[in-house]
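Observations on the model geometry
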Amino acid sequence: METPEQEERLLLVVEDDEAFARTLTRSFERRGYRVLHAASLAEVEKLLEDHVPGYAVVDLKLKGDASGLVCVQKLHAASADMLIVVLTGFASIATAVEAVKLGACHYLAKPSNTDDIEAAFGMKAGTTEVELTNRSSSIKTLEWEHINEVLAETEFNLSEAARRLGMHRRTLIRKLEKKQVR
């Protein structure tokens, strides 16, 4: 089989929220992108058989506790030049670091709009202009980051993450619901 060539203005949206995916699709199409949509890792793999997008927007947490980090890894393996932005309502330092290690060029907390995402595509190189703070992390922040680190390690398997954290699964779910960014 012939390997598909990378298509410059082709964008892949990996998002299981159909309404949000439609909104992103329409908005990027108005900006001149050709947009493909996938709601799962299986759909991403299928699309990569025929297309290699130049851009991708990946939701961190997909239905069924699936991890967008696996999608980032697959997309980066398909093309190291693909600009991948990860969107999440569950932002943490641990998942941001893992996303970048796996090939994402940027990581944005929801809500993010098309302007934010397109700007993130342009910031692949990073910048030294980010302001550093002397503020230390609170216990709650450290707990939240530890929870997200364990979630990333378990590929967002809530039962396994709760076991590793030594808490009941429902307690973990309540903590995640309290902290969710919309």
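Now for a quick tour of the structure. Fair warning: this is a prediction, and the values are worked out from it, not measured in the lab.

1. As for the overall build of the chain
- Check the secondary structure of the chain and you find 8 helices and 7 strands.
- Taken over 182 residues, the chain has a buried fraction of 43%.
- Contacts in the chain between residues at least 24 apart in sequence constitute 64% of all its contacts with a sequence separation of at least 6.
- As presented, the chain carries roughly 10,500 Å² of accessible surface, and 50% of it is formed by carbon and sulfur atoms.

2. Section: the packing of aromatic side chains
- For the coordinates displayed, the defined rule picks out 4 aromatic pairs.
- With 5.1 Å between their ring centres and 90° between their planes, Phe28 and Tyr33 make a pair best called edge-to-face. In this structure, Phe28 and Tyr33 share a single accessibility class: buried.
- Their ring planes at 55° and their centres at 4.8 Å tell us that Tyr55 and Phe121 sit as a pair that is tilted. Of the two residues, Tyr55 is situated in strand E3 (residues 52-59) and Phe121 in helix H5 (residues 114-121); the sequence distance between them amounts to 66 residues. For the pair Tyr55 and Phe121, one class covers both residues: buried.
- Three or more aromatic residues link up through ring pairs in this structure, and these residues are Phe28, Tyr33, Tyr55 and Phe121.

3. As for the packing of helix H3 (residues 68-78) against helix H4 (residues 93-102)
- Direction vectors running N to C along H3 and H4 enclose 20°, while the axes themselves pass 8 Å from each other. Judged by the inter-axis angle, H3 sits roughly parallel to H4. As H3 runs across H4, the sense of the crossing is right-handed. Taking contact as the criterion, the partners of Leu69, Val72, Gln73 and His76 in H3 are, on H4, Thr95, Glu98, Ala99 and Leu102.
- In terms of residue class, the contact of H3 with H4 is built from 4 nonpolar, 3 polar and 1 charged.

4. Here's the deal with the pattern of salt bridges
- Applying the stated criterion across every chain, the model contains 9 salt bridges.
- Across the pair Glu49 and Lys46 runs a salt bridge whose closest N-O atoms are separated by 3.7 Å.
- Overall, the relative accessible area of 54% leaves Lys46 in the exposed class.
- Residues joined by salt bridges that share partners form a network here, namely Glu153, Glu160, Arg163 and Arg164.

5. Considerations on the packing of helix H6 (residues 139-153) against helix H7 (residues 158-165)
- Packing of H6 against H7 brings their axes to within 9 Å, and their N-to-C directions diverge by 130°. Viewed along their axes, H6 and H7 adopt a mutual orientation that is oblique. For the crossing formed where H6 meets H7, the hand is right-handed. Seen from H6, the contacting residues are His146, Ile147, Val150, Leu151 and Glu153; seen from H7, they are Leu158, Ala161, Arg164 and Leu165.
- Class assignment for the residues of the contact of H6 with H7 results in 6 nonpolar, 1 polar and 2 charged.

6. Some remarks on the pairing of strand E6 (residues 83-88)
- Extensive coverage of E6 is indicated by the burial of 6 of its 6 residues.
- As paired elements, E3 and E6 share 5 bridges and run parallel to each other. What sits directly across from Tyr55, in E6, is Leu83.
- Examined bridge by bridge, E6 and strand E7 (residues 106-109) share 4 bridges and lie parallel to one another. Residue pairing in the sheet places Thr88 in a bridge with Ala109 of E7.

7. A closer look at unusual backbone geometry
- If you check the backbone angles, Glu155 has positive phi at about 55° while not being a glycine.
- Within the secondary structure layout, Glu155 lies in the loop between H6 and H7.
- One non-glycine residue, Phe156, lies in positive phi territory at about 65°.
- Positionally, Phe156 belongs in the loop between H6 and H7.
- Residue class for Phe156 comes out buried when judged on its relative accessible area of 1%.

The rules we used
- Residues numbered from 1 in each chain as written.
- Predicted model: local features only at pLDDT ≥ 70, side-chain atom pairs only at ≥ 80, totals over all residues.
- Heavy atoms only, no water.
- Helix = DSSP H or I, 4+ residues; strand = E, 2+ residues; numbered from the N terminus.
- Buried < 20%, exposed > 50% of the residue type's maximum accessible area, 1.4 Å probe, protein only.
- Contact = heavy atoms within 4.5 Å.
- Areas by Shrake-Rupley, 256 points an atom, 1.4 Å probe, with all protein chains shown as cover.
- Phe/Tyr/Trp six-rings, centres within 6.5 Å; stacked < 30°, edge-to-face > 60°.
- Axes fitted to C-alpha atoms, helices over the stretch in contact; angles between N-to-C directions.
- Parallel < 35°, antiparallel > 145°, perpendicular 65-115°, else oblique.
- Left-handed = near helix turned anticlockwise from the far one by under 90°.
- Nonpolar A, V, L, I, M, F, W, Y, C, P; charged D, E, K, R; others polar.
- Salt bridge = Lys/Arg side-chain N within 4 Å of Asp/Glu carboxyl O.
- Pairing = 2+ DSSP bridges.

Remember, this is a structural readout, not a statement about activity or role.
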